[in-house]
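Chains, contacts and geometry: an overview
Given next are the chains, with one letter for each unit.
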Amino acid sequence: MNLDKTLKKLLTEKKELTNSLELCCESIGFWEERAEKIFEKMDEFEEEALFSSGESHDKKFKKLQRESGKIMKRIDFENNQLDALEAQVLDLEEKIITTLARYAKKQKK
């Protein structure tokens, strides 16, 4: 495969990964906004809890705990995806550099 085709393929892959990174960042932003809303509800709940107790109080607390747990797991998942995508981009950039170095070495001969 010639240099142009190889580089075009690698750069296309990099663009796809970059698009995935952007999407992942947007998703993290979305989930962080949701988390902020849940944390606000939890703060309100804590203020209300000073003056109330009982079964409905416990149910609301457990519901908020479950919601925040789900959101935090989702954010953790998205962060792990982001780390994996970043590693793939770095590997791809290394391939691009290696390809160009090999081509440059051949040109010197």
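Quick caveat, the model's predicted, so the values are computed rather than measured.

**A word on the overall build of the chain**
Within the chain, the secondary structure is distributed over 2 helices and 0 strands. The C-alpha atoms of the chain give a radius of gyration of 24 Å, which is well past the 13 Å a tight globule of 109 residues would have. Dimensions of the chain along its principal axes, counting C-alpha atoms only, are 85 × 15 × 15 Å. Split into buried and exposed, the 109 residues of the chain put 23% on the buried side. Working note: accessible area of the chain is about 8800 Å², and carbon and sulfur atoms make up 54% of it. Treating the 22 positive side-chain charges of the chain as one cloud and the 24 negative ones as another, the clouds have centres 12 Å apart.

**A closer look at the packing of helix α1 (residues 3–49) against helix α2 (residues 55–108)**
For the pair α1 and α2, the least separation of the axes is 8 Å and the interaxial angle reads 160°. Taken together, the axes of α1 and α2 lie roughly antiparallel to each other. Two packed elements cross with a definite hand, and for α1 against α2 that hand is left-handed.

**A few points about the state of the cysteines**
Counted under the stated rule, the structure contains 0 disulfides. With no disulfide of its own, Cys 24 has Cys 25 as its nearest cysteine by sulfur position, at a separation of 6.2 Å. Note on Cys 24: relative accessible area 5%, which makes it buried. We classify Cys 25 as partly exposed; its relative accessible area is 43%.

**A look at the environment of Leu 50**
In this fold, Leu 50 is placed in the loop between α1 and α2. Classification of Leu 50 as exposed rests on a relative accessible area of 70%. Between the C-alpha atoms of Leu 50 and Gln 107, which are 57 residues apart in sequence, the distance is 77 Å.

**So, a negative patch on the surface**
Together, Glu 32, Glu 33, Glu 36, Glu 40, Asp 43, Glu 44, Glu 46 and Glu 47 line one region of the surface with negative charge. Looking at the element boundaries, Glu 36 is found in helix α1.

**Re a positive patch on the surface**
On the surface, Arg 34, Lys 37, Lys 41, Lys 62, Lys 63, Arg 66 and Lys 70 cluster together into a positively charged patch. With 4 residues, the top contributor of residues to the positive patch is α2. Within the secondary structure, Arg 66 sits in helix α2.

Calculation criteria
- Residues numbered from 1 in each chain as written.
- Predicted model: local features only at pLDDT ≥ 70, side-chain atom pairs only at ≥ 80, totals over all residues.
- Heavy atoms only, no water.
- Helix = DSSP H or I, 4+ residues; strand = E, 2+ residues; numbered from the N terminus.
- Rg over C-alpha atoms; globule rule 2.2 N^0.38 Å.
- Buried < 20%, exposed > 50% of the residue type's maximum accessible area, 1.4 Å probe, protein only.
- Areas by Shrake-Rupley, 256 points an atom, 1.4 Å probe, with all protein chains shown as cover.
- Lys, Arg positive; Asp, Glu negative; His and termini not counted.
- Charge placed at Lys NZ, Arg CZ, Asp CG, Glu CD.
- Axes fitted to C-alpha atoms, helices over the stretch in contact; angles between N-to-C directions.
- Parallel < 35°, antiparallel > 145°, perpendicular 65-115°, else oblique.
- Left-handed = near helix turned anticlockwise from the far one by under 90°.
- Disulfide = S-S within 2.5 Å.
- Patch = residues over 30% accessible without salt bridge, like charges linked within 9 Å, V, L, I, M, F, W, Y side chains within 5 Å.
- Salt bridge = Lys/Arg side-chain N within 4 Å of Asp/Glu carboxyl O.

Remember that the coordinates give geometry; whether it matters functionally is a separate question.
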